[in-house]
Amino acid sequence: MIRIIPSEERYTADHGWLTTRHSFSFAEYYDPNNLHFGPLRVFNDDIVQPGKGFGMHPHADMEIISYVIDGVLEHRDSMGNQGLIRAGEVQRMTAGTGIFHSEYNHSHERPVHFLQIWFYPERRGLTPSWEQASFPREAQHNRLLPVVSGKPREGALSIHQDVTVYLAQLDAGRSLTHEQEDGRLMYLFLIEGCVKLNGEHTLKAGDTARITDLSRIVITAGENAHFMLMDLASLD
């Protein structure tokens with residue numbers, strides 16, 4: 001089954017310094033019927049204004065992914081890690097037994113647009129860790145590029161959960177096919193453009209597809225498209 005969630009149905013909040021769109025219950029938004037999708041717990045689409053950001057705050061027992069779409073995000077954490085996450089770069093942080101971190105827009109002139117994604121870990125009490133890598137658009141061109149995975153994949157960041165996250169830049173008129181084991185879940189978020197799934201379900205920018213009971217999906221771009229696809233274990 002393919003369930004399309006239009007962009008406008010996401011919870012949206014404008015805090016002045018932050019415009020955020022939540023795909024699952026988070027912070028002031030709570031829906032007991034929308035807590036997670038398999039191990040995917042949080043999927044926030046954030047735009048942070050110049051020079052603003054999230055001050056030091058704690059996390060524990062969560063796998064946290066940040067993908068910068070546009071701009072530059074500045075990261076600091078209690079492990080001593082400090083640096084910049086630029087457009088096309090992905091960061092993975094294992095909160096484990098506990099970590100503090102901050103995220104700020106490094107620029108004082110332009111907003112930063114990024115996706116903040118949380119997964120339940122495979123087990124509690126992991127040792128906190130951090131890693132980051134660049135996945136430029138040309139590396140994503142007309143292919144599903146694995147960027148985060150719980151299984152060893154060359155070039156992909158590791159994660160303590162049975163998931164694989166792909167990014168793709170698909171030219172108009174081109175198609176990509178993804179196949180996975182029966183009983184697993186798929187989650188697709190369209191960042192830019194327009195795509196059609198299995199020839200019948202159309203997504204525009206900001207739309208999401210939650211896919212169950214299918215092991216094969218064909219993604220066709222109606223116009224140049226940028227999207228994230230997840231292959232997820234089912235927790236049910």
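Residues numbered from 1 in each chain as written. Predicted model: local features only at pLDDT ≥ 70, side-chain atom pairs only at ≥ 80, totals over all residues. Heavy atoms only, no water.

> Can you help me understand the overall build of the protein chain in this one?
Helix and strand counts for the protein chain come out as one helix and 20 strands. Seen along its three principal axes, the alpha-carbon backbone of the protein chain occupies a region of about 45 × 40 × 40 Å. The buried share of the protein chain, reckoned over its 236 residues, is 54%. For the protein chain, the proportion of contacts with a sequence separation of at least 24, taken over those separated by at least 6, is 72%. Accessible surface computed for the protein chain: about 10500 Å², of which carbon and sulfur atoms make up 47%. Computed over 21 positive and 31 negative side-chain charges, the inter-centroid distance for the protein chain is 1 Å. (Helix = DSSP H or I, 4+ residues; strand = E, 2+ residues; numbered from the N terminus. Buried < 20%, exposed > 50% of the residue type's maximum accessible area, 1.4 Å probe, protein only. Contact = heavy atoms within 4.5 Å. Areas by Shrake-Rupley, 256 points an atom, 1.4 Å probe, with all protein chains shown as cover. Lys, Arg positive; Asp, Glu negative; His and termini not counted. Charge placed at Lys NZ, Arg CZ, Asp CG, Glu CD.)

> Is there a simple way to think about the side chain of Arg-210 in this case?
Tracing the backbone through its elements, the reader meets Arg-210 in strand 19 (residues 208-211). The side chain of Arg-210 sits in the buried core without any salt bridge; Asp-31 is the nearest counter-charge, 8.2 Å away. Polar contacts involving the side chain of Arg-210 include one to the main-chain carbonyl oxygen of Ser-23, which spans 3.0 Å. Separated by 3.0 Å, the side chains of Arg-210 and Asn-34 make a polar contact. Aside from chain neighbours lying at most four places away, what touches Arg-210 is Met-1, Ile-2, Arg-3, Ile-5, Ser-23, Phe-24, Asn-34, Phe-37, Met-186 and Tyr-187. (Salt bridge = Lys/Arg side-chain N within 4 Å of Asp/Glu carboxyl O. Polar contact = N/O pair within 3.5 Å; in protein donor to acceptor, adjacent residues only side chain to side chain.)

> Any chance you could explain the UniProt feature "domain: Pirin N-terminal" (unreviewed entry) in the protein chain here in plain terms?
Mapped onto the present numbering, the UniProt feature "domain: Pirin N-terminal" (unreviewed entry) falls at residues 10-118. What you have in residues 10-118 is 0% helix and 59% strand, and the ends, taken at the C-alpha atoms, are 17 Å apart. (UniProt positions renumbered as here; feature names shortened; annotations may be inferred.)

> Mind showing me how you'd approach the sheet that holds strand 3 (residues 18-22) here?
Either a parallel or an antiparallel arrangement is found when strands of a sheet pair, and the pairing is made through backbone hydrogen bonds. Ordered in space as 2-3-4-11-6-9-12, the seven strands form an open sheet in which the pairing is antiparallel. Each edge of the open sheet carries a strand with a single partner, namely strand 2 (11-14) and strand 12 (129-134). Within this sheet the neighbouring strands show an average axis-to-axis angle of 15 degrees, counted without direction. Bridge count for strand 3 against strand 4 (residues 40-48) is five bridges, and the pairing is antiparallel. Bridging across to strand 4, Leu-18 finds its partner in Val-48. (Pairing = 2+ DSSP bridges. Axes fitted to C-alpha atoms, helices over the stretch in contact; angles between N-to-C directions.)

> Mind showing me how you'd approach the pairing of strand 6 (residues 63-70) here?
It is a general feature of regular strands that their side chains alternate between the two faces of the sheet. With respect to burial, strand 6 is a largely interior element, seven of its eight residues being buried. With five bridges joining them, strand 6 and strand 9 (residues 89-94) adopt antiparallel strand pairing. Paired with Ile-64 across the strands is Met-93, a residue of strand 9. Strand direction decides the pairing type here: strand 6 and strand 11 (residues 112-119), joined by seven bridges, are antiparallel. Bridged to Val-68 within strand 11 is Phe-114.

> Any chance you could explain the environment of Ala-205 here in plain terms?
Mapped onto the secondary structure, Ala-205 falls in the loop between strand 18 (201-204) and strand 19. A C-alpha to C-alpha distance of 4.8 Å links Ala-205 and Glu-192, two positions 13 residues apart in sequence. Aside from chain neighbours lying at most four places away, what touches Ala-205 is Ser-7, Leu-190, Ile-191, Glu-192 and Gly-193.

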